[in-house]
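Structure at a glance
Now for the letters of each chain:
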2 protein chains.
Amino acid sequence: MKCVVVDYNATANIYARPVEGVVMVVDLDRMAIIGYRDRAVFMVPKAEGTDYRADKVGPPFTGPAAPPGVVVQPDGRGFHVHGHLVKWANWEFHVGFDMRAGTVISLASVNDTDAGGLQRRVLYRGFVSEIFVPYMDPEEEWYFHTFTDAGEYGLGALASQLQRGADCPANAVYMDGYYAGSDGKPVKAEDVICLFERYAGDVAWRHTNGIGLGGLFSEVRPDVTLVVRMVVTVGNYDYTLDSEFKTVGSIKIVVSLSGILEMKAINYTHVDQIREDTHGTLITENTIGVYHDHFVTYHLDLDIDGTRNSFIKNNIVPKRNTGVRATGGAPTPRRSYWTVLYEVAETEAEGQVNINSAPADLLFVNPSKKTKIGNEVGYRLIPTGATATSLLADDDYPERRASYTKKQVWVTPYNKSEKWTSGLYAEQSTGDDNLAAWSKRNRSIKDEDIVLWYTVGLHHVPYQEDFPVMPTISGALEVRPSNFFERNPLIRTKPPENSPNCSCSIGGSA
Amino acid sequence: MKCVVVDYNATANIYARPVEGVVMVVDLDRMAIIGYRDRAVFMVPKAEGTDYRADKVGPPFTGPAAPPGVVVQPDGRGFHVHGHLVKWANWEFHVGFDMRAGTVISLASVNDTDAGGLQRRVLYRGFVSEIFVPYMDPEEEWYFHTFTDAGEYGLGALASQLQRGADCPANAVYMDGYYAGSDGKPVKAEDVICLFERYAGDVAWRHTNGIGLGGLFSEVRPDVTLVVRMVVTVGNYDYTLDSEFKTVGSIKIVVSLSGILEMKAINYTHVDQIREDTHGTLITENTIGVYHDHFVTYHLDLDIDGTRNSFIKNNIVPKRNTGVRATGGAPTPRRSYWTVLYEVAETEAEGQVNINSAPADLLFVNPSKKTKIGNEVGYRLIPTGATATSLLADDDYPERRASYTKKQVWVTPYNKSEKWTSGLYAEQSTGDDNLAAWSKRNRSIKDEDIVLWYTVGLHHVPYQEDFPVMPTISGALEVRPSNFFERNPLIRTKPPENSPNCSCSIGGSA
């Protein structure tokens, strides 16, 4: 194993003061250093300004702050946890924990009150399959910084104990995780999952009417969601990984990145001194924040109203108005419009999509279930930012193991051995057991038990604000009912009551 | 003016029962019908299931619901409103109101506590310039449904009175808007703007440390933001338009769509009966939800730390490892990486970007202001979903007036006559006075007072859930400090205190 050297005598920020230019190779079986290379000498960045612990930066605490606020639920929480089964509003699901994936959501189903309270399956199992983080410096001390966080370290093993009132709000409930340690004994990971109802001030649906029956009125339904959260700290980076359940039937998956940059020492103290490509940004004196990517890949075994599903591309394509009704046109001044071309993905090759290449609604439908008026019941994918794909060359070693990062969307038939997108053994993998390799068989994905693999991707160009700890940045995806229900499932939801009056005290009762 | 006919005797949903096939032309000067065309006869959809008023759908209210929850701020609100000036945490800005644009944010500046409390300008003025909504049916009754909502109707004039505890949470403060009515007299628009602090359970920054100085510890700072909200109901659609200020220095702009689809009557009651392109989705019996787009264009006159700014494209480009340090490579097994190519946009032609075409960080910098280590101070643009661009043909009439919708990003030099992206007179405009026309002059935008025009775009394929009122769907953009501050401005922010205990009652005191 390759090791780099840092000086952390004067700061708790162990990434801020690299002893650049030195790499050691350690034989883990012999626990011996078998290689040592001191290529070049660089200034070690100063310790001042690198620490971020509260008692080192204050008092006084001069940073901007909002006053304390707390979500109060006068009637108590709306969700119930029975062991690992969670029930909330129209949702039921199971929360599990895995050493490699961390939180696993399974058997998620939504209640259809318009269909007599039928519980309808949405997700068989969903989890983070891999987080691939390649750095963009080809230098000796850096070229191998191409991490597969789940496969090499384990997201469950690195899940952080959540800080009450900080990582999760005051109305959260916490769950522990258990897994088998490297010695085979059970490990209890305390408070690694939290669940809370999110009152973010959003609106579920609304309309203001002006004329006709009823005259001027507004109907508004505020949105409340249920968040299942885990935080994984993989060395320098902290990933807050949320699964957010919405009463409208959506599951929104949010990846939020914070933590500390991997930094490279350099002799420059000012941008004007730099002539060459430093493969990163000078973020403070003698310190480069190295360019890198984050690719967080989800395994989402959707079971839309049953096991056998199809993947549909509703391609949104421009049309010229022919002026002739028989061909979809009309004899009007309008010259163009767009329409939807329905395409069923037959095999895996057709299940791979770069979502930035052409507009389409991507759906997962159950072809054997129709709404009363004949639409296939389905859910659609809504990417929400962070849609970067890998720019590495296909023949480059890190890309070979993570070649699936060239597209955000892959769809495969379910296979119980295909859980880990960089392969079962990600460490030193060569790409012969990854998602792209499996998909080369080009199996049928039509009317099968299919799996969506979705990658949230970010190219990360560091900025000075990312130092010494970076502010959170997020990317997300949502799967949303689309002809799954007969109509908006929230139309029969009660409007909000008057807000209660509340009084509070710290450490006592009101 | 062209008029269509609806039957709203049996429902408050005036869009659900069109008398399809009939169009009238009204002379507004004479207030007389001067044209009448009854092209074809279609079934009028049934009224049942179209109403959405609470007293028509219940009791019982069988829709899913979460329990009531309220944000309590034991020390009170953190923001102060002095007339139209708002001060909150590290932000100061002015909230105005305009008949055409609705809410106008101006003179927004952020406090730099690390620079001795200097108040630094970010945004001179920002507002919604236009909402362009073209429908995709070329038929006689539909081809002209290509709305420019701000220019034809006025977003301020159509701002809805916000519903307390529903449109905005209980801790919100409300503002009125004033504008000159069509008779010249002042109009008071009551409660059309709300401001509230958003406690959504997000994290501003965090890190868990495992080794070295300090050992195992976590530092976490929860995120609280300030939202300025307006809701505009333009006929059938409801746009919730948020400007969200973050202590990290970001302004996030969120567009949330709800309301009612424009519906077309059709004789079909089941999908299996359909053979031709209906230009929409059968969403209930005899009813097509017609395909359409939403393009919400913002005028953002950024003044990053001063008036004169430049627009930078930090292009993220793949590189082959040459193996030679003089050319940015290194003699290692790594074969590829990416780097950043810095490009200053010299003129307007270089300021037009389709953000889905190639990866880049897009920045607005002040070239005359540098950080201590020499980076240009700047803000970068972070698109967050809803990045659709227009698919209409360039020679089509609606596209000519809204030709700027082919790209999400345009940058122009400030010109006081260039406020309305579809032209001062949007009604019957022909494209000779719009953003694309102004930009043909290809003026210099380097080190000038420049304006960012950003379009949030959605192709809207309706689904049954969008009936009778559609669930909210959102798109957003964020401008975020990027080498604006010397470091993360929240490092010196105090960690959260213990959460208070609260008790509540409805309609009384605790």
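Here the structure is a predicted model, which means the values were calculated and not measured. (Residues numbered from 1 in each chain as written. Chains lettered and ligands numbered in written order. Predicted model: local features only at pLDDT ≥ 70, side-chain atom pairs only at ≥ 80, totals over all residues. Heavy atoms only, no water.)

What about the overall build of chain A?
Within chain A, the secondary structure is distributed over 4 helices and 29 strands. Against the 2.2 N^0.38 benchmark of 24 Å for 510 residues, chain A shows a C-alpha radius of gyration of 26 Å, consistent with a compact globule. Principal-axis analysis of the C-alpha atoms places the extent of chain A at approximately 75 × 65 × 55 Å. When contacts within chain A are restricted to residue pairs at least 6 apart in sequence, those whose partners lie at least 24 apart make up 64%. Element-wise, carbon and sulfur atoms account for 51% of the exposed surface of chain A, whose accessible area totals about 18,600 Å². Here chain A holds 50 positive side-chain charges and 63 negative ones, and the gap between their average locations is 8 Å. (Helix = DSSP H or I, 4+ residues; strand = E, 2+ residues; numbered from the N terminus. Rg over C-alpha atoms; globule rule 2.2 N^0.38 Å. Contact = heavy atoms within 4.5 Å. Areas by Shrake-Rupley, 256 points an atom, 1.4 Å probe, with all protein chains shown as cover. Lys, Arg positive; Asp, Glu negative; His and termini not counted. Charge placed at Lys NZ, Arg CZ, Asp CG, Glu CD.)

Focus on the relation of the copies chain B and chain A
Expressed as a screw transformation, the operator carrying chain B onto chain A has a rotation angle of 180° and an axial translation of 0.0 Å, and the superposed copies differ by an RMSD of 0.0 Å. Accordingly, the operation relating the two chain copies is best matched by a two-fold axis. Take the interface residues of chain B: 100% of them recur as interface residues in chain A, which is what a same-surface contact looks like. (Least-squares fit on C-alpha atoms with pLDDT ≥ 70 in both.)

A few points about the sheet that holds strand 23 (residues 336–344) of chain B
Residue and element names in this part refer to chain B. Overall, antiparallel pairing links the 10 strands, which are arranged 11-12-15-16-17-28-25-24-22-23 in an open sheet. In the strand order of this sheet, the two ends are held by strand 11 (173–180) and strand 23, each with one partner. On average, each strand axis in the sheet is tilted by 25° relative to the strand beside it, whichever way the strands run. Note: strand 16 (residues 237–246) against strand 17 (residues 251–259), 9 bridges, orientation antiparallel. Within strand 17, the position partnered with Asp 242 by the bridge is Val 254. (Pairing = 2+ DSSP bridges. Axes fitted to C-alpha atoms, helices over the stretch in contact; angles between N-to-C directions.)

Here's the deal with the sheet that holds strand 17 (residues 251–259) of chain A
All names here are of chain A. On the basis of which strands lie adjacent, the open sheet formed by 10 strands has the order 11-12-15-16-17-28-25-24-22-23 and antiparallel pairing. Bordering the open sheet on either side are strand 11 (173–180) and strand 23 (336–344), each of which pairs with just one other strand. Strand-to-strand twist in this sheet, taken as the mean axis angle between neighbours without regard to direction, amounts to 25°.

Some details on the UniProt feature "modified residue: 2',4',5'-topaquinone" (unreviewed entry) in chain A
Residues and elements named next belong to chain A. Residues given the UniProt feature "modified residue: 2',4',5'-topaquinone" (unreviewed entry) here are Tyr 237. In this structure, Tyr 237 sits in strand 16 (residues 237–246). Residue class for Tyr 237 comes out buried when judged on its relative accessible area of 2%. (UniProt positions renumbered as here; feature names shortened; annotations may be inferred. Buried < 20%, exposed > 50% of the residue type's maximum accessible area, 1.4 Å probe, protein only.)

Topic: the pairing of strand 7 (residues 91–98) of chain B
Residue and element names in this part refer to chain B. For strand 6 (residues 85–88) and strand 7, the ladder comprises 4 bridges, and the chain directions are antiparallel. Across the sheet, residue Val 86 finds its bridge partner in strand 7, namely Phe 93. Counting the residues between successive antiparallel strands, the hairpin from strand 6 to strand 7 contains 2 residues, one of them, Ala 89, with a positive phi of roughly 45°. With 7 bridges connecting them, strand 7 and strand 8 (residues 102–112) associate as antiparallel partners. By the bridge assignment, Asp 98 is partnered in strand 8 with Gly 102.

Observations regarding the environment of Ser 182 of chain A
All names here are of chain A. In this structure, Ser 182 sits in the loop between strand 11 and strand 12 (186–198). With relative accessibility at 87%, the residue Ser 182 sits in the exposed group. In this structure, the C-alpha to C-alpha distance between Ser 182 and Glu 497, residues 315 residues apart in sequence, is 53 Å.

With respect to empty space enclosed by the protein
Empty pockets left among the atoms are what a rolling probe the size of a water molecule brings to light. Going through the model one piece at a time under the given rule, you end up with 4 cavities of 30 Å³ or more. As for the largest cavity, its lining consists of 18 residues, of which Ile 105, Gly 126, Ser 243, Ile 253 and Tyr 298 of chain B are closest to the centre. Looking at the lining of the largest cavity, the elements with two or more residues in it are strand 8, strand 9 (118–134), strand 15 (225–234), strand 16, strand 17 and strand 21 (292–302) of chain B. For the lining of the largest cavity, the per-class residue count stands at 14 nonpolar, 3 polar and 1 charged. Roughly 150 Å³ of volume is contained in the second largest cavity. What lines the second largest cavity is a set of 17 residues, among which Thr 103, Ile 105, Gly 126, Ser 243 and Tyr 298 of chain A lie closest to the centre. (1 Å grid on protein atoms, 1.4 Å probe; cavity = no way out; pocket = protein on both sides within 12 Å on 5 of 7 lines; lining within 4 Å. Points joined across faces, edges and corners; volume = space filled by probe spheres on them. Nonpolar A, V, L, I, M, F, W, Y, C, P; charged D, E, K, R; others polar.)

As for the pattern of salt bridges
Applying the stated rule across the entire model yields 66 salt bridges over all chains. Sharing partners across several salt bridges, the network here consists of Arg 37, Arg 39, Glu 139, Glu 140 and Glu 141 of chain A together with Arg 325 of chain B. (Salt bridge = Lys/Arg side-chain N within 4 Å of Asp/Glu carboxyl O.)

Re the state of the cysteines
Enumeration according to the criterion identifies 4 disulfides over all chains in this entry. The disulfide partner of Cys 502 of chain A is Cys 504 of chain B, and the S-S distance across this bridge is 2.1 Å. With the S-S bond torsion at 110°, the cross-link from Cys 502 of chain A to Cys 504 of chain B turns out right-handed. Separated into two different chains, Cys 502 of chain A in strand 29 (residues 501–505) and Cys 504 of chain B in strand 29 (residues 501–505) make up a pair that spans both. The partly exposed category is assigned to Cys 502 of chain A, whose relative accessible area is 23%. Accessibility expressed as a relative area gives 23% for Cys 504 of chain B, which makes it partly exposed. Paired by a disulfide, Cys 168 of chain B and Cys 194 of chain B hold their sulfur atoms 2.1 Å apart. Judged by the torsion about the S-S bond (-90°), the Cys 168 of chain B/Cys 194 of chain B disulfide is left-handed. (Disulfide = S-S within 2.5 Å.)

Some details on the UniProt feature "active site" (unreviewed entry) in chain A
All names here are of chain A. UniProt's entry tags Asp 149 and Tyr 237 with the feature "active site" (unreviewed entry), counted in the numbering of this structure. Spatially, the listed residues are clustered: although they cover 89 residues, their C-alpha atoms lie within 10.2 Å of one another. Relative to the elements of secondary structure, Asp 149 occurs in helix 2 (residues 149–152). The class of Asp 149 is buried, set by a relative accessible area of 4%. Other than its neighbours up to four places away in sequence, Asp 149 contacts Glu 130, Ile 131, Val 133, Gly 154, Leu 155, Val 234 and Tyr 239. With sequence-adjacent residues up to four places away left out, Tyr 237 is seen in contact with Tyr 135, Val 232, Leu 257, Ser 258, Gly 259, Ile 260, Leu 261, His 292, His 294, His 460 and Met 470.

Digging into the interface of chain B and chain A
On the chain A side, the residues contacting the 185 residues of chain B number 185 residues. Interface of chain B and chain A: buried area, both sides summed, is about 15,200 Å²; carbon and sulfur atoms make up 57% of it. By the criterion of area lost to chain A, the three top residues of chain B are Arg 334, Trp 338 and Ile 373 of chain B, representing 6% of everything that side buries. Remark: the boundary between chain B and chain A carries 16 salt bridges. Between Asp 396 of chain B and Arg 334 of chain A there is a salt bridge, with the nearest N and O atoms lying 3.4 Å from each other. (Buried area = accessible area lost by both parts, 1.4 Å probe.)

Some details on the domain arrangement of chain A
Residue and element names in this part refer to chain A. Examined at the domain level, chain A breaks down into domain 1 (1–56) and domain 2 (79–309 + 343–351 + 380–481). Using only C-alpha atoms to locate each centre, domain 1 and domain 2 end up separated by 30 Å. Each partner contributes to the interface: domain 1 provides 21 residues, whereas domain 2 provides 22 residues. Interface area for domain 1 against domain 2, summed over the two sides, is near 1,800 Å², with a carbon-plus-sulfur share of 57%. (Domains from an automatic or database assignment.)

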